[in-house]
Amino acid sequence: MSLNAAAVDVSLEPRPVGFHLTLVYGSGTDVLHAAEPAGSAIGQAVWRAVYQASVSYTAPIGSGLLLEAGIYPSHIGYETFFSKDNWNYTRGWMGEFSPYYQAGLKVSYAFDAHWSAQIHFLNGWQNIGDNNRAKAIGTQIAWSGDLVSAALNTFAGPELPGDDTHWRLFGDLTAQVKATPWLSLGATADVGRQDRPGEAALWHAAAVFARVAFSERVALALRGEYYDDRDGFMSGTPQTLGEGTATVELRPTEHLIVKLEGRHDFSGAAVFSGERDSAGNLTFSKSQTLAIASAVATF
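Notes on the structure in this doc start here. Everything numeric here is computed off the predicted structure, so don't read it as measured data.

Here we look at the nonpolar core
Core analysis: the largest hydrophobic core is formed by 21 residues, its most contacted members being Trp93, Phe97, Phe155, Phe170, Tyr227, Met234 and Leu241. Breaking this core down by element, the ones donating at least two residues are helix H3 (93–96), strand E11 (201–213) and strand E12 (218–229). Counting residues per element, this core draws most heavily on E11, at four residues. If sequence neighbours within four positions are ignored, Tyr227 has contacts with Trp93, Met94, Phe97, Trp203, His204, Ala205, Met234, Gln239, Thr240 and Leu241. Core analysis: the next-biggest nonpolar cluster, separate from the first, contains 11 residues, Tyr51, Phe81, Phe82 and Tyr101 among them.

Section: the pairing of strand E8 (residues 148–158)
Strand direction decides the pairing type here: strand E7 (residues 136–144) and E8, joined by eight bridges, are antiparallel. Bridge pairing links Ala142 to Ala151 in E8. Hairpin remark: E7 followed by E8, antiparallel, with three residues in the connecting loop. Pairing analysis gives 11 bridges linking E8 to strand E9 (residues 167–178), with the strands arranged antiparallel. Each bridged residue has a counterpart across the sheet, and for Leu152 the counterpart in E9 is Leu173.

Quick look at the layout of surface pockets
The probe, sized like a water molecule, is rolled over the atoms to show the empty space still left. Put simply, the largest pocket is a space of about 960 Å³. What lines the largest pocket is a set of 34 residues, among which Val31, Leu32, Arg91, Glu96 and Tyr100 lie closest to the centre. Within the residue set of the lining of the largest pocket, elements represented by two or more residues are helix H1 (27–32), H3, strand E14 (256–267) and strand E17 (287–297). In terms of residue class, the lining of the largest pocket is built from 17 nonpolar, 10 polar and seven charged.

Thoughts on the pairing of strand E4 (residues 65–73)
Here strand E3 (residues 50–59) runs beside E4; their pairing, made up of seven bridges, is antiparallel. Following the sheet pairing, Ala59 is matched in E4 by Leu65. Hairpin geometry of E3 and E4 is characterised by an intervening segment of five residues between the two adjacent antiparallel strands and by a positive phi of about 60° at Gly62. As defined by bridge partners, E4 adjoins strand E5 (residues 101–110) across nine bridges and the pair is classed as antiparallel.

What about the side chain of Ser294?
By the secondary structure assignment, Ser294 is in strand E17. Using a relative accessible area of 11% as the deciding quantity, one classes Ser294 as buried. Among residues more than four places away in sequence, those in contact with Ser294 are Tyr89, Ile257, Val258 and Lys259.

A short note on the environment of Ala103
Inspection of the secondary structure puts Ala103 in strand E5. In sequence terms Ala103 and Tyr89 are 14 residues apart; their C-alpha atoms lie 26 Å from each other. If we ignore the near neighbours within four places in the chain, the residues touching Ala103 are Gly70, Ile71, Phe121, Leu122, Asn123, Asn127 and Ile128.

Things to note about the packing of aromatic side chains
For the structure on display, the rule yields 14 aromatic pairs. For the pair Tyr78 and Phe209, a centre-to-centre distance of 4.3 Å together with 15° between the ring planes defines the contact as stacked. Of the two residues, Tyr78 sits in the loop between E4 and H3 while Phe209 sits in strand E11, which places them 131 residues apart along the sequence. Phe209 carries the same exposure label as Tyr78, and that label is buried. By the ring-pair criterion, three or more aromatic residues cluster together here, those being Trp125, Phe155, Phe170, Trp203 and Phe233. Directly above the ring of Trp93 sits Arg263, whose terminal nitrogen or CZ lies 5.6 Å from the centroid.

Reading guide: rules and limits
Residues numbered from 1 in each chain as written. Predicted model: local features only at pLDDT ≥ 70, side-chain atom pairs only at ≥ 80, totals over all residues. Heavy atoms only, no water. Core = buried A, V, L, I, M, F, W, Y, C linked by side-chain atoms within 4.5 Å. Buried < 20%, exposed > 50% of the residue type's maximum accessible area, 1.4 Å probe, protein only. Helix = DSSP H or I, 4+ residues; strand = E, 2+ residues; numbered from the N terminus. Contact = heavy atoms within 4.5 Å. Pairing = 2+ DSSP bridges. 1 Å grid on protein atoms, 1.4 Å probe; cavity = no way out; pocket = protein on both sides within 12 Å on 5 of 7 lines; lining within 4 Å. Points joined across faces, edges and corners; volume = space filled by probe spheres on them. Nonpolar A, V, L, I, M, F, W, Y, C, P; charged D, E, K, R; others polar. Phe/Tyr/Trp six-rings, centres within 6.5 Å; stacked < 30°, edge-to-face > 60°. Lys NZ or Arg CZ within 6 Å of the ring centre and 35° of its normal.

Below, the structure is given as structure tokens:
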């Protein structure tokens with residue numbers, strides 16, 4: 001048994017000034033902030049309890065120009081940090097190897113009922129404390145309708161520690177379709193490049209999702225994913241990862257979500273830790289299987 005995340009979320013809509021504060025406790029937030037740069041008044045220990053802490057202002061320009069500054073959820077990716085907001089309980093490799101949160105300034109604008117855009121001025125790639133002197137820029141252009149939504153997200157900036165010259169370029173495309181009242185489909189694709197001394201590192205990935213709602217209380221979610229980290233920059237080992245996940249979602253009451261999940265991961269390299277051999281050495285394999293049960297209470 002493990003407490004993955006307990007969160008308290010308080011917010012005020014920006015009419016015209018607002019704020020959003022999300023405090024988190026549990027094993028999940030330790031992993032979430034594991035890569036925070038260490039330093040004076042920064043680092044994992046300083047920010048481990050904070051997922052979001054931002055202030056916002058709606059400027060009276062057109063339909064309303066929204067400015068948000070501080071720590072806030074990333075504009076990148078199909079899956080979020082909180083499992084209750086995702087179709088599956090575990091997150092895919094694409095989610096784990098891209099930002100869940102970011103620190104900086106977001107400027108967003110809705111052109112009409114369907115089209116919107118964002119630009120972000122950021123400290124970096126899931127960084128509250130910066131690891132160099134350079135900043136990064138993110139963008140989003142999104143379309144949303146009753147049955148279909150899609151977004152193109154980008155990130156660009158120098159991201160190597162203490163290095164202001166070698167850039168990271170990243171693109172992320174997400175789409176979701178409500179095919180029928182009971183069937184929803186999703187897809188996402190990523191491509192990235194990290195300049196570095198010598199040869200640049202490249203990676204790309206794609207995933208498909210499906211959710212079948214048998215009733216308001218029972219649903220089945222499926223995910224299939226492919227992640228090619230040919231240079232080993234994101235995962236630490238040159239490899240091609242893949243996974244398939246099936247999740248049964250039960251909602252016995254309005255405030256309780258139970259997810260029962262099976263997942264199988266595989267790789268071209270032996271990266272998954274297994275049992276110890278007769279000499280006491282930890283063995284590694286090219287695949288692993290996980291079964292997990294989870295419960296989320298929301299109020």
